[in-house]
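# Chains, contacts and geometry: an overview
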Amino acid sequence: MSERKPLRRIDHTTFCDVEGWFMVKDARGRPIGHHVTRKFPHPDGRMLRTRISRPIDKTPYDASLAQHILRTQLEVTSTEFWLCVDDQQPPTRGTPAPPSGTAIPASVLRVLVTKLRLTPAEITALSRDQALHLATDYWSVSPSAD
């Protein structure tokens, strides 16, 4: 694998296929017409989107557009991109976000930090239920709970 030929539309499509990007559909369930638009659920909870110019062929992208696609849309390095295209090795995207049922709500975090003055280490050690219990206790006894 080497830094080689320019990024082509067909390479862009191959990357999306290997990593498992989904086709974006319009309101009637049809593929978007002007570009092939794909999306990918990033493990941190964001949804990445990319557009592949039509026709999907061996037409290369301009170098600055290729860098924009890699950096901003696909969020990979050139090396990660070509490993995925050439060797079918999807990029490592980090650890997934915690399931939404285990996350501590923002309003509870605010109480833990600003009112109860817990440190980040203390908050990290708490389960969701423990954090909710502490905040509920604060709200139930505080005369001006906000």
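Residues numbered from 1 in each chain as written. Predicted model: local features only at pLDDT ≥ 70, side-chain atom pairs only at ≥ 80, totals over all residues. Heavy atoms only, no water.

## Considering the pairing of strand β2 (residues 36–41)
The following threshold applies: Any two strands are treated as partners once DSSP identifies two or more bridges connecting them. Think of it this way: any DSSP run of H or I at least four residues long counts as a helix, any run of E at least two long counts as a strand, and we number them from the N terminus.
Taken together, the 2 bridges between strand β1 (residues 22–23) and β2 define a ladder with antiparallel strand orientation. Bridged to Met-23 within β2 is Arg-38. Direction of pairing for β2 relative to strand β3 (residues 47–52): antiparallel, over a ladder of 6 bridges. Looking at the pairing, Lys-39 lines up with Arg-49 of β3. The turn linking β2 back onto β3 is made up of 5 residues, and Gly-45 within it adopts a positive phi angle of 105°.

## Quick notes on unusual backbone geometry
A cis geometry characterises the amide bond from Arg-54 onward to Pro-55, with omega recorded as -5°. Tracing the sequence through the fold places Pro-55 in the loop between β3 and α2 (63–74). With a phi angle near 55°, Glu-75 is a residue other than glycine that sits in the positive phi range. When you line up the elements, Glu-75 lands in the loop between α2 and α3 (78–87). For Arg-117, which is not glycine, the phi torsion reads 55° and is therefore positive.

In short, the description is geometric, and any link to function would need to be established separately.
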